[in-house]
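# Architecture and fold: a report
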Amino acid sequence: MSVGTDSHPIGVFDSGVGGLTVLKALVRRFPEEGFIYLGDTARVPYGAKSARTVERYTLQVASYLVKREVKALVVACNTASALGLAALRQRVTIPVQGVIQPGCRMAARLSRGGLIGVIGTRTTVASGAYPHTLHFLDPALRVTSLACPLFVPLVEEDWVSHAAARMIVEETLRPLVAASVDTLILGCTHYPLLKEVIAGVMGEKVALVDSAEAVAEEMASHLVKGIVRPAPPGSQGRLTYLVTDVADRFQEVATRFLDGVPVSHVEMIDL
Ligand code: DGL
(Lines give C-alpha, C1' and ligand atoms only; values in the text may rest on other atoms or scores of the structure.)
Protein backbone atom coordinates (compact mmCIF):
# COMPACT_ATOMS: atom_id res chain seq x y z
CA MET A 1 0.00 0.00 0.00
CA SER A 2 1.44 3.41 -0.88
CA VAL A 3 0.56 6.48 1.16
CA GLY A 4 0.47 10.10 -0.03
CA THR A 5 3.29 12.48 0.82
CA ASP A 6 3.29 15.76 2.71
CA SER A 7 6.18 18.23 2.69
CA HIS A 8 5.04 20.13 5.79
CA PRO A 9 7.28 19.82 8.86
CA ILE A 10 6.57 17.86 12.04
CA GLY A 11 6.25 20.04 15.15
CA VAL A 12 8.19 18.93 18.23
CA PHE A 13 7.71 20.79 21.46
CA ASP A 14 9.09 20.85 24.96
CA SER A 15 9.22 23.18 27.93
CA GLY A 16 12.81 24.02 27.00
CA VAL A 17 15.90 22.33 25.73
CA GLY A 18 15.23 18.79 26.98
CA GLY A 19 13.02 17.73 24.09
CA LEU A 20 16.09 17.87 21.88
CA THR A 21 16.79 14.29 23.04
CA VAL A 22 13.57 13.36 21.23
CA LEU A 23 14.30 15.60 18.23
CA LYS A 24 17.75 13.98 17.89
CA ALA A 25 16.25 10.49 17.78
CA LEU A 26 13.65 11.62 15.21
CA VAL A 27 16.17 13.38 12.92
CA ARG A 28 18.52 10.41 13.04
CA ARG A 29 15.71 8.09 11.99
CA PHE A 30 13.95 10.40 9.48
CA PRO A 31 16.57 12.70 7.86
CA GLU A 32 14.19 13.46 4.98
CA GLU A 33 11.56 14.99 7.30
CA GLY A 34 11.52 18.69 8.25
CA PHE A 35 11.04 19.57 11.92
CA ILE A 36 10.06 22.72 13.81
CA TYR A 37 11.29 22.50 17.40
CA LEU A 38 9.71 24.84 19.93
CA GLY A 39 11.20 25.24 23.41
CA ASP A 40 9.00 27.25 25.79
CA THR A 41 12.07 28.65 27.54
CA ALA A 42 10.17 31.62 28.99
CA ARG A 43 8.12 29.31 31.20
CA VAL A 44 10.42 26.32 31.85
CA PRO A 45 10.31 24.27 34.09
CA TYR A 46 6.89 22.69 33.55
CA GLY A 47 7.77 19.93 36.01
CA ALA A 48 7.18 22.10 39.08
CA LYS A 49 3.93 23.71 37.85
CA SER A 50 0.34 22.68 38.56
CA ALA A 51 -1.60 20.34 36.27
CA ARG A 52 -3.89 23.18 35.21
CA THR A 53 -1.02 25.45 34.21
CA VAL A 54 0.82 22.73 32.28
CA GLU A 55 -2.34 21.90 30.33
CA ARG A 56 -2.87 25.58 29.46
CA TYR A 57 0.76 26.00 28.31
CA THR A 58 0.54 22.81 26.24
CA LEU A 59 -2.56 24.00 24.41
CA GLN A 60 -1.02 27.41 23.71
CA VAL A 61 2.20 25.99 22.29
CA ALA A 62 0.34 23.44 20.19
CA SER A 63 -2.01 26.02 18.74
CA TYR A 64 1.01 28.16 17.74
CA LEU A 65 2.59 25.19 15.94
CA VAL A 66 -0.67 24.34 14.20
CA LYS A 67 -0.68 27.91 12.82
CA ARG A 68 2.81 27.22 11.44
CA GLU A 69 1.18 24.37 9.50
CA VAL A 70 2.89 21.36 11.02
CA LYS A 71 1.51 18.05 9.76
CA ALA A 72 1.84 16.31 13.14
CA LEU A 73 2.78 17.19 16.69
CA VAL A 74 5.23 15.41 18.95
CA VAL A 75 4.87 16.44 22.58
CA ALA A 76 8.45 15.67 23.59
CA CYS A 77 8.01 16.90 27.17
CA ASN A 78 6.95 14.18 29.62
CA THR A 79 5.22 16.67 31.90
CA ALA A 80 3.21 18.16 29.02
CA SER A 81 2.42 14.66 27.73
CA ALA A 82 1.20 13.60 31.18
CA LEU A 83 -1.04 16.63 31.71
CA GLY A 84 -1.88 18.09 28.33
CA LEU A 85 -2.29 15.29 25.82
CA ALA A 86 -5.95 14.44 26.42
CA ALA A 87 -7.09 18.08 26.06
CA LEU A 88 -4.83 18.54 23.05
CA ARG A 89 -6.24 15.56 21.19
CA GLN A 90 -9.73 17.00 21.61
CA ARG A 91 -8.72 20.31 20.07
CA VAL A 92 -6.44 19.59 17.12
CA THR A 93 -7.16 17.51 14.04
CA ILE A 94 -3.56 16.59 13.15
CA PRO A 95 -1.92 13.44 14.66
CA VAL A 96 -0.47 14.04 18.14
CA GLN A 97 2.26 11.84 19.60
CA GLY A 98 3.25 12.00 23.25
CA VAL A 99 6.16 10.29 24.99
CA ILE A 100 4.36 8.31 27.67
CA GLN A 101 2.63 5.58 25.66
CA PRO A 102 5.73 4.63 23.65
CA GLY A 103 7.89 4.53 26.80
CA CYS A 104 5.35 2.36 28.62
CA ARG A 105 5.00 -0.05 25.71
CA MET A 106 8.75 -0.47 25.49
CA ALA A 107 9.01 -1.00 29.26
CA ALA A 108 6.23 -3.60 29.30
CA ARG A 109 8.03 -5.42 26.47
CA LEU A 110 11.44 -5.34 28.17
CA SER A 111 10.41 -6.17 31.73
CA ARG A 112 11.11 -9.77 32.68
CA GLY A 113 9.67 -9.75 36.19
CA GLY A 114 6.97 -7.09 35.85
CA LEU A 115 8.65 -4.74 38.35
CA ILE A 116 8.83 -1.34 36.68
CA GLY A 117 10.26 1.91 38.04
CA VAL A 118 9.37 5.33 36.65
CA ILE A 119 11.31 8.53 37.30
CA GLY A 120 10.17 11.99 36.27
CA THR A 121 9.42 15.52 37.42
CA ARG A 122 7.19 16.13 40.45
CA THR A 123 4.24 17.06 38.23
CA THR A 124 4.61 14.00 35.98
CA VAL A 125 4.81 11.65 38.96
CA ALA A 126 1.90 13.35 40.74
CA SER A 127 -0.25 12.94 37.60
CA GLY A 128 -0.06 9.15 37.81
CA ALA A 129 0.04 9.04 34.00
CA TYR A 130 2.79 6.41 33.79
CA PRO A 131 1.29 3.86 36.24
CA HIS A 132 -2.12 4.43 34.66
CA THR A 133 -0.80 3.68 31.16
CA LEU A 134 1.31 0.73 32.31
CA HIS A 135 -1.64 -0.84 34.15
CA PHE A 136 -3.81 -0.35 31.09
CA LEU A 137 -1.23 -2.36 29.10
CA ASP A 138 -0.86 -5.01 31.78
CA PRO A 139 -2.73 -4.87 35.11
CA ALA A 140 -0.23 -7.29 36.67
CA LEU A 141 2.72 -4.88 36.40
CA ARG A 142 4.01 -3.51 39.70
CA VAL A 143 5.02 0.12 39.32
CA THR A 144 7.10 2.29 41.62
CA SER A 145 7.23 5.99 40.69
CA LEU A 146 9.70 8.52 41.97
CA ALA A 147 10.11 12.27 41.43
CA CYS A 148 13.73 13.32 40.86
CA PRO A 149 13.65 17.14 40.94
CA LEU A 150 17.43 17.52 41.23
CA PHE A 151 18.23 15.70 37.98
CA VAL A 152 17.15 18.42 35.51
CA PRO A 153 19.47 21.11 36.97
CA LEU A 154 22.37 18.61 37.04
CA VAL A 155 21.99 18.13 33.29
CA GLU A 156 21.36 21.77 32.40
CA GLU A 157 24.39 22.94 34.38
CA ASP A 158 26.54 20.21 32.79
CA TRP A 159 27.31 18.42 36.05
CA VAL A 160 26.65 14.93 34.68
CA SER A 161 30.27 13.82 35.05
CA HIS A 162 30.72 15.45 38.45
CA ALA A 163 31.12 13.29 41.57
CA ALA A 164 28.15 15.18 43.05
CA ALA A 165 25.94 13.83 40.26
CA ARG A 166 26.74 10.26 41.24
CA MET A 167 25.98 11.02 44.91
CA ILE A 168 22.67 12.72 44.13
CA VAL A 169 21.56 9.99 41.74
CA GLU A 170 22.52 7.26 44.20
CA GLU A 171 20.71 8.92 47.08
CA THR A 172 17.60 9.73 45.04
CA LEU A 173 17.22 6.30 43.43
CA ARG A 174 17.55 4.37 46.70
CA PRO A 175 13.80 3.53 46.87
CA LEU A 176 13.93 2.05 43.37
CA VAL A 177 16.96 -0.07 44.16
CA ALA A 178 15.13 -1.25 47.30
CA ALA A 179 12.04 -2.08 45.20
CA SER A 180 14.24 -4.32 42.99
CA VAL A 181 12.77 -2.93 39.77
CA ASP A 182 13.96 -4.79 36.67
CA THR A 183 13.11 -1.98 34.23
CA LEU A 184 13.36 1.77 34.69
CA ILE A 185 11.56 4.34 32.53
CA LEU A 186 13.52 7.57 32.15
CA GLY A 187 10.33 9.64 32.22
CA CYS A 188 11.85 13.06 31.64
CA THR A 189 13.55 14.57 28.61
CA HIS A 190 16.80 15.26 30.47
CA TYR A 191 17.42 11.87 32.02
CA PRO A 192 18.96 10.18 28.95
CA LEU A 193 21.96 12.49 29.50
CA LEU A 194 22.39 10.92 32.94
CA LYS A 195 21.97 7.40 31.59
CA GLU A 196 25.50 6.24 32.43
CA VAL A 197 25.28 7.42 36.04
CA ILE A 198 21.77 5.98 36.44
CA ALA A 199 22.89 2.66 34.94
CA GLY A 200 25.86 2.60 37.31
CA VAL A 201 23.58 3.06 40.31
CA MET A 202 20.77 0.70 39.22
CA GLY A 203 23.15 -2.05 38.04
CA GLU A 204 23.49 -3.77 34.69
CA LYS A 205 20.51 -6.08 35.15
CA VAL A 206 18.05 -3.18 35.12
CA ALA A 207 16.84 -2.24 31.62
CA LEU A 208 16.66 1.53 31.06
CA VAL A 209 13.92 2.82 28.79
CA ASP A 210 14.82 5.98 26.89
CA SER A 211 11.49 7.51 25.77
CA ALA A 212 13.21 9.36 22.91
CA GLU A 213 14.04 6.10 21.12
CA ALA A 214 10.58 4.72 21.87
CA VAL A 215 8.96 7.80 20.28
CA ALA A 216 11.07 7.48 17.12
CA GLU A 217 9.93 3.87 16.84
CA GLU A 218 6.28 4.88 17.21
CA MET A 219 6.66 7.66 14.62
CA ALA A 220 8.16 5.17 12.16
CA SER A 221 5.00 3.10 12.39
CA HIS A 222 2.81 6.23 11.89
CA LEU A 223 4.78 7.17 8.76
CA VAL A 224 4.61 3.66 7.31
CA LYS A 225 0.87 3.43 7.93
CA GLY A 226 0.25 6.95 6.59
CA ILE A 227 -1.20 8.20 9.90
CA VAL A 228 1.46 10.88 9.35
CA ARG A 229 2.16 11.28 5.64
CA PRO A 230 5.90 11.06 4.90
CA ALA A 231 7.97 13.74 3.13
CA PRO A 232 8.29 13.31 -0.65
CA PRO A 233 11.08 10.87 -1.62
CA GLY A 234 14.51 12.51 -1.91
CA SER A 235 13.61 15.43 0.41
CA GLN A 236 16.26 16.97 2.63
CA GLY A 237 14.69 17.77 6.00
CA ARG A 238 15.00 21.33 7.32
CA LEU A 239 15.35 22.07 11.04
CA THR A 240 13.85 25.22 12.54
CA TYR A 241 14.37 26.15 16.19
CA LEU A 242 11.97 28.44 18.05
CA VAL A 243 12.13 29.63 21.66
CA THR A 244 10.08 31.96 23.82
CA ASP A 245 13.09 33.45 25.70
CA VAL A 246 16.89 33.37 26.24
CA ALA A 247 17.85 32.16 22.78
CA ASP A 248 21.59 32.43 23.51
CA ARG A 249 21.39 30.13 26.55
CA PHE A 250 19.25 27.71 24.53
CA GLN A 251 21.92 27.58 21.83
CA GLU A 252 24.65 26.94 24.38
CA VAL A 253 22.87 24.07 26.14
CA ALA A 254 21.35 22.66 22.93
CA THR A 255 24.76 21.80 21.51
CA ARG A 256 25.30 19.43 24.42
CA PHE A 257 21.95 17.75 23.91
CA LEU A 258 22.76 17.31 20.20
CA ASP A 259 26.15 15.61 20.78
CA GLY A 260 28.15 18.73 19.94
CA VAL A 261 26.26 19.69 16.76
CA PRO A 262 25.76 23.47 16.95
CA VAL A 263 22.35 25.11 16.57
CA SER A 264 23.13 27.93 14.16
CA HIS A 265 19.91 29.94 14.23
CA VAL A 266 17.20 30.27 16.85
CA GLU A 267 14.06 32.33 16.26
CA MET A 268 12.43 34.14 19.21
CA ILE A 269 8.64 34.00 19.19
CA ASP A 270 5.72 35.19 21.34
CA LEU A 271 2.95 32.72 21.95
N1 DGL B 1 10.79 18.59 29.78
C2 DGL B 1 10.41 18.26 31.13
C3 DGL B 1 9.93 16.80 31.17
O4 DGL B 1 10.27 15.99 30.33
C5 DGL B 1 11.55 18.49 32.09
C6 DGL B 1 11.87 19.95 32.33
C7 DGL B 1 10.73 20.72 32.94
O8 DGL B 1 10.41 20.50 34.13
O9 DGL B 1 10.14 21.52 32.23
O10 DGL B 1 9.19 16.46 32.04
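Residues numbered from 1 in each chain as written. Predicted model: local features only at pLDDT ≥ 70, side-chain atom pairs only at ≥ 80, totals over all residues. Heavy atoms only, no water.

Take the overall build of the chain next. Assigned secondary structure in the chain consists of eleven helices and ten strands. A principal-axis box enclosing the C-alpha atoms of the chain has dimensions of 50 × 45 × 35 Å. When the 271 residues of the chain are sorted by exposure, 54% land in the buried category. When contacts within the chain are restricted to residue pairs at least 6 apart in sequence, those whose partners lie at least 24 apart make up 77%. Positive and negative side-chain charges in the chain, numbering 26 and 26 respectively, have mean positions lying 5 Å apart. (Helix = DSSP H or I, 4+ residues; strand = E, 2+ residues; numbered from the N terminus. Buried < 20%, exposed > 50% of the residue type's maximum accessible area, 1.4 Å probe, protein only. Contact = heavy atoms within 4.5 Å. Lys, Arg positive; Asp, Glu negative; His and termini not counted. Charge placed at Lys NZ, Arg CZ, Asp CG, Glu CD.)

What follows deals with helix α9 (residues 195-202). Residues Val197, Ile198, Val201 and Met202 constitute the buried set of α9. Down the axis of α9, the buried side of the element spans an arc of 125°, and every buried residue falls inside it. For α9, the elements touching its buried residues are β5 (115-120), α7 (151-156), α8 (163-178), β7 (183-186) and β8 (207-210). Gly203 occupies a position one or two residues after α9 and carries a positive phi of about 95°. (Arc of directions from axis to C-beta.)

All right, on to the sheet that holds strand β9 (residues 239-243) then. By way of backbone hydrogen bonds, the strands of a sheet pair with one another, either parallel or antiparallel. Reading across the sheet, the six strands line up as β4-β3-β1-β2-β9-β10 and stay open at both edges, with parallel pairing between neighbours. Two strands close off the open sheet at either side, each with one partner strand: β4 (96-97) and β10 (266-268). Here five bridges tie strand β2 (residues 35-39) to β9, and the two strands are oriented parallel to one another. In the strand pairing of β9, Ile36 is matched with Thr240. Across the sheet, helix α1 (residues 20-29) is in contact with β1 (10-14), β2, β3 (72-75) and β9; its angle to β2 comes to roughly 170°. (Pairing = 2+ DSSP bridges. Axes fitted to C-alpha atoms, helices over the stretch in contact; angles between N-to-C directions.)

With respect to the helices and strands, the residue Asn78 is situated in helix α3 (residues 78-91). Exposure remark for Asn78: the relative accessible area of 3% places this residue in the buried category. Discounting chain neighbours no more than four positions away, the residues touching Asn78 are Val99, Ile100, Thr124, Tyr130, Gly187, Cys188, Thr189 and Ser211.

In this section: the site of the ligand. Near the ligand lie 13 residues; those nearest to it are Asp14, Ser15, Tyr46, Gly47 and Thr79. In this structure, Tyr46 approaches the ligand through a main-chain N or O atom, which is 2.7 Å from an oxygen atom. Within the contact set of the ligand, an oxygen atom lies 2.8 Å away from a backbone nitrogen or oxygen of Gly47. Within the complex, the protein chains bury 98% of what would otherwise be the 300 Å² of accessible surface of the ligand. Across the shell around the ligand, the residue classes tally to five nonpolar, seven polar and one charged. (Near = heavy atom within 4 Å. Polar contact = N/O pair within 3.5 Å; in protein donor to acceptor, adjacent residues only side chain to side chain. Areas by Shrake-Rupley, 256 points an atom, 1.4 Å probe, with all protein chains shown as cover. Nonpolar A, V, L, I, M, F, W, Y, C, P; charged D, E, K, R; others polar.)

Turning to the packing of aromatic side chains, a few remarks are in order. If you walk through the whole model with that rule in mind, you get five aromatic pairs. Summarising the aromatic geometry, the rings of Tyr37 and Tyr241 are spaced 6.3 Å apart at their centres and angled 55° between planes, so their arrangement reads as tilted. With Tyr37 in strand β2 and Tyr241 in strand β9, this residue pair connects regions lying 204 residues apart in the sequence. Take Tyr37 and Tyr241: they sit in the same class, and that class is buried. Between Tyr241 and Phe250 the ring centres are 6.3 Å apart and the planes differ by 55°, which places this aromatic pair in the tilted class. The two residues Tyr241 and Phe250 agree in class, both being buried. Here the aromatic cluster, defined as three or more aromatic residues joined through ring pairs, consists of Tyr37, Tyr241 and Phe250. Above the face of the Tyr57 ring, Arg43 is positioned so that its terminal group lies 3.8 Å from the ring centre. (Phe/Tyr/Trp six-rings, centres within 6.5 Å; stacked < 30°, edge-to-face > 60°. Lys NZ or Arg CZ within 6 Å of the ring centre and 35° of its normal.)

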